[in-house]
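Next come the chains, spelled out residue by residue.
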Amino acid sequence: MLTDEIGGVEAAREALARERLEELQALARTYRNWSVKELAHALGRQPGRLVPDSGMPKIDLVVGLAKALDWPVEAVVDHLMKPTTDRKPAVQQDRATDYAQLYNESLQKRLERDYAEAIRLAVRARAIADTPTRRAAAFYIESFAHEASGSYVEAVRCLREAVRIDGVALNWRLLCDAHLASVLFMQGFTTQSIGVASSVIEYADSVASEDDVLELARGVAHWAKGHSLRTSIPLANFEAWQNLAQISRDHFLRAEESASRLATRPGFETKNLTFATSIDVIALEPAAIFDEGARERAVRTLVEVIREGGTSQPGVSERKAWASVALANTAKRFLTDPMQLRGVLELASSALRAHAVATNNWYFAHRHLQLDAERRRALVDNGCASRALDATEARLVAGVLGQIPAARSDSVSYFELYAVQEGGRS
Amino acid sequence: MSTPEATWATDAIGASRVLRDGLVHRTRELFALMVTARGGSARAASSEIAVDPRSIQDMRTVPSMELVTRVGSGLGLEPHIAVGVVASSPLERTDPAEIRRILAAADLADDSARVAAAAVELALAAAQPCDLALAQLAEARACVGRGELDRAETHARLAREIGISPSDRVLAGGLAEAAAFDATLGSPWIAGSRELCALEWIDEACRGAEQLDEPVCIAQRRAAYRLARSLASGTLAPRAAAALVEDSLAGPPAASAWTASSIALAALSLIARGGHGHEHTRAMTHLFVTAQLALEELASGLDGSTRSTIESRLSRMAFAEWSLRARLDGLTPECIDERDAQEIVRASMRLDGGDPWRHCSPGHLARSLRSTLDASSGDGSMVEQVHFPRASGARMESRSEDPC
């Protein structure tokens, strides 16, 4: 009977969930050296009711367990909900000789914005990779596809897996590290990003031989470090940061040098180096901090870049988005006329939103939401009702909270500003 | 007047009410966001994710994980991310001064996970370049704990280049001193442990702070490190070191923890380096065991943060001991019982800075250890590779390669 089968599946699922919860509770007791009673006390439950029959705990128990384990809440949920591993692997039809084809097809699918297929192909390539470098390279292209699809969490996971592999060739290991630094920056982990990027730069500069992958790693590492230093500089009281602003700008210039060298080589056209199209505009932000004479020019140039026509070429939309980031920060630091500042921020916010919506780039979406939140608060302070959230913005809020951990501590203020305005209508 | 227990219970109930209200509130708001993202009709959106909208609107108790993950799925969020959003606390962001206090406490508790978390928070809240420098130094301390010495050196050099504020000298000196000690003697599982120039430099530069208003515990830890270094350099005999360990137990428990554990770790480092005679190894082993037993006894009579510090130090010692046994003795399945496995799990969880995906459960680990040993040649190298992987970091080939 079908109902019996469904009941059986449900019972098995509940049994697995209970087993997982018991495992984590045992681990927490081991970690803390606690008795069952102590664990129950810490989790706010009676000792006999630590595991619900369904295996699906209430959220407060998950939070308590995460605290007891010193794990992020996400890791506890991941363990409780991950699929069972005793499934038989799918029949493997690929051979080691198919690696290059799968690898290149994955890259092509990413360019065509078919990210799900790009990821599937990268996973298949990894499954047949017969050297450590091939495995790392497959993780790298998988992370690239995850990042492009807006899943930074998965992108970081892939890169961390890649850098843990023993025996990877130096150029690919450094490239994976450099991209890790870049994604960590996008997620708001600037301390780690600076450290990882610095290691790559030091190592790459100490190597006598040169090749394109190494050059790319060096360029991406300079790009990530320049950004991480740039975003560390506060918008107010930045005088003490002039030295770091100069260092940040220098890293952008070195990223530009690497990109220029690569641009002359086959296989490294604009499609692979979209970041290269944005270096000159983002470098204007730190330059304005340490060079008083560059400030007015920076604002003017950035406004012009955002207003330029055309967004279809690779890199143009991204260039406008980076220009918007630089413009918003520079304007907040130096513009004194409130009307002019408001106009400039509106322009930046719109450009960021356009790029974020088109590409699922949560870094830019985060910047847009920050500007939008400031604008909404200002409207409310002036006694005006702010516009209700639309469906697109709701997805941006969800994407930012999901993919940028640093934004989660602001979730309450985002919800206050947005979620309650339209939601809940029946 | 209420008793401390009653106050604690009241606080706990209050905290749990705040937690519950926050979880309910954020689940409702995540639902509202989902409704907006899906066109604005709560009924239609609820139907698509198979949730009764009344269960959200009339929610009185904490939602289940399943409900939150369903709401998150309506926004395209994976289960762990949806729960992470609902569970995130708005009170986490603190000012740099408060983060410094948290960092100092984590350093003195030898808590790598909290040190690393404080480094992230400090960088996010940085108001001055010195905040960033301190964050880099804290990250260096956390990296040493994980055996990532090259990266630790990079972070320390960045801290030095950005510049440590004179007002941070005590905290920075403590972090650099602890990291420098761990890079040489405090983490015997690290292959190629060595002095890290930038850390030593910061340590030296901050030494003037000894004359300032330095907390007693920092001075006690420095004294412990000096004794351990004396043992390592041969100016302190093992027998005299054992006597010092026993004498230290009469003093403040935190100071005892640092003295006994630092000497024990130095002893194990000397065994790990090899090149000494059988008698010397026996004396060092005896010293280690003496310190371990003394600390276990000390911990059993304590509570609170001091106990936590002692347990951290005991975990570090256990991690060091098991990695050395795996390397030198060639472990066999019979060597590892459930209790040993639990000790290894506890130690590696503390020292990995809370990398959770590596561990499953003590039972699983014990089984994993056994199967690993069965599959290996019996020299223990596989155990080391599987269970102490962060200690050395992934090896990199020195040549370039084209995967295609």
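Keep in mind that what you see is a predicted model, and the values were worked out from it rather than measured.

What counts as what
Residues numbered from 1 in each chain as written. Chains lettered and ligands numbered in written order. Predicted model: local features only at pLDDT ≥ 70, side-chain atom pairs only at ≥ 80, totals over all residues. Heavy atoms only, no water. Helix = DSSP H or I, 4+ residues; strand = E, 2+ residues; numbered from the N terminus. Buried < 20%, exposed > 50% of the residue type's maximum accessible area, 1.4 Å probe, protein only. Contact = heavy atoms within 4.5 Å. Areas by Shrake-Rupley, 256 points an atom, 1.4 Å probe, with all protein chains shown as cover. Phe/Tyr/Trp six-rings, centres within 6.5 Å; stacked < 30°, edge-to-face > 60°. Buried area = accessible area lost by both parts, 1.4 Å probe. Salt bridge = Lys/Arg side-chain N within 4 Å of Asp/Glu carboxyl O. Nonpolar A, V, L, I, M, F, W, Y, C, P; charged D, E, K, R; others polar. Pairing = 2+ DSSP bridges. Core = buried A, V, L, I, M, F, W, Y, C linked by side-chain atoms within 4.5 Å. Axes fitted to C-alpha atoms, helices over the stretch in contact; angles between N-to-C directions. Parallel < 35°, antiparallel > 145°, perpendicular 65-115°, else oblique.

(A) View of the overall build of chain A. When helices and strands are counted, chain A shows 21 helices and 1 strand. In chain A, buried positions account for 54% of the 426 residues. Restricting to contacts in chain A with at least 6 residues of sequence separation, those with at least 24 account for 66%. Working note: accessible area of chain A is about 18400 Å², and carbon and sulfur atoms make up 51% of it.

(B) Region of interest: the packing of aromatic side chains. Residue and element names in this part refer to chain A. Using the criterion set out here, one finds 15 aromatic pairs over all chains in the structure. Ring geometry for Phe185 against Trp322: centres 6.5 Å apart, planes inclined by 25°, an arrangement best described as stacked. Of this pair, Phe185 sits in helix H9 (residues 170–187) while Trp322 sits in helix H16 (residues 316–334), and the two are 137 residues apart along the sequence. According to the relative accessible area criterion, Phe185 is buried, its value standing at 3%. Its relative accessible area of 2% is what places Trp322 among the buried residues.

(C) Examining the interface of chain A and chain B more closely. Residue-level contacts link 94 residues of chain A with 84 residues of chain B. Counting the surface lost from both chain A and chain B, the interface buries some 7600 Å², and carbon and sulfur atoms represent 64% of this. Sorting the residues of chain A by area buried against chain B places Tyr31(A), Ile59(A) and Thr191(A) first, and these three jointly supply 9% of that buried surface. At the surface where chain A touches chain B, the tally comes to 2 salt bridges. Arg157(B) serves as the salt-bridge partner of Glu202(A), at 2.6 Å between the closest nitrogen and oxygen. If you tally residues by element for the side of chain A that touches chain B, the top one is helix H10 (residues 190–206) of chain A, at 10 residues. Partitioning the side of chain A that touches chain B into residue classes produces 47 nonpolar, 25 polar and 22 charged. Here 2 bridges tie strand E1 (residues 168–169) of chain A to strand E1 (residues 396–397) of chain B, and the two strands are oriented parallel to one another. Residue pairing in the sheet places Ala169(A) in a bridge with Glu397(B) of E1(B).

(D) View of unusual backbone geometry. All names here are of chain A. In the Ramachandran plot, Asn33 falls in the positive-phi region, its phi being about 60° despite a non-glycine side chain. The residue Asn33 is located in the loop between helix H1 (2–32) and helix H2 (36–43) in this model. Phi at Asn237 takes a positive value of approximately 50°, unusual for a residue other than glycine. If you trace the backbone, Asn237 turns up in the loop between helix H11 (212–232) and helix H12 (242–263).

(E) View of the environment of Arg28(B). Residues and elements named next belong to chain B. If you trace the backbone, Arg28 turns up in helix H1 (residues 4–37). For Arg28, a relative accessible area of 30% corresponds to the partly exposed category. Taking the C-alpha atoms as reference, Arg28 lies 7.2 Å from Gln57; in sequence the two are 29 residues apart. Excluding residues within four positions of it along the chain, Arg28 makes contact with Ile56, Gln57, Met59 and Arg60.

(F) Geometry of the pattern of salt bridges. For the structure shown, the criterion picks out 45 salt bridges over all chains. Here Glu210(A) ties to Arg218(A) by a salt bridge, and the two come within 2.9 Å at their closest N and O atoms. Note on Glu210(A): relative accessible area 44%, which makes it partly exposed. Measuring nitrogen to oxygen at the nearest pair gives 2.2 Å for the salt bridge that ties Arg38(B) to Glu48(B). Taken together, the residues span a long stretch of sequence, with Arg38(B) in the loop between H1 and helix H2 (42–48) and Glu48(B) in helix H2 at a distance of 10 residues. Judged by relative accessible area, which is 35%, Arg38(B) ranks as partly exposed. Each of Asp107(B), Asp110(B), Arg141(B), Asp182(B), Arg221(B), Arg313(B) and Arg316(B) takes part in a single network of salt bridges with overlapping partners.

(G) Highlighting the nonpolar core. Membership of the largest hydrophobic core comes to 153 residues, with the highest contact counts inside it found for Leu69(A), Val76(A), Tyr140(A) and Trp322(A). For this core, the leading source of residues is H9(A), giving 12 residues. Residue contacts for Leu69(A): discarding those within four places in its chain leaves Leu24(A), Leu27(A), Ala28(A), Tyr31(A), Val76(A) and Met349(B). Grouped together as the second largest cluster of nonpolar side chains are 86 residues, Trp241(A), Ala135(B), Leu185(B) and Leu196(B) included.

(H) Looking closely at the packing of helix H14 (residues 253–273) of chain B against helix H16 (residues 304–328) of chain B. All names here are of chain B. Interhelical geometry of H14 versus H16 gives an angle of 10° and a closest axis separation of 9 Å. Overall, the two elements H14 and H16 adopt an arrangement that is roughly parallel. Each of Pro253, Ala254, Ala257, Trp258, Ser261, Ser262, Ala264, Leu265, Leu268, Ile271 and Ala272 in H14 lies in contact with H16, whose residues at this interface are Thr306, Thr309, Ile310, Arg313, Arg316, Met317, Ala320, Glu321, Leu324, Arg327 and Leu328. The class makeup of the residues in the contact of H14 with H16 is 14 nonpolar, 4 polar and 4 charged.

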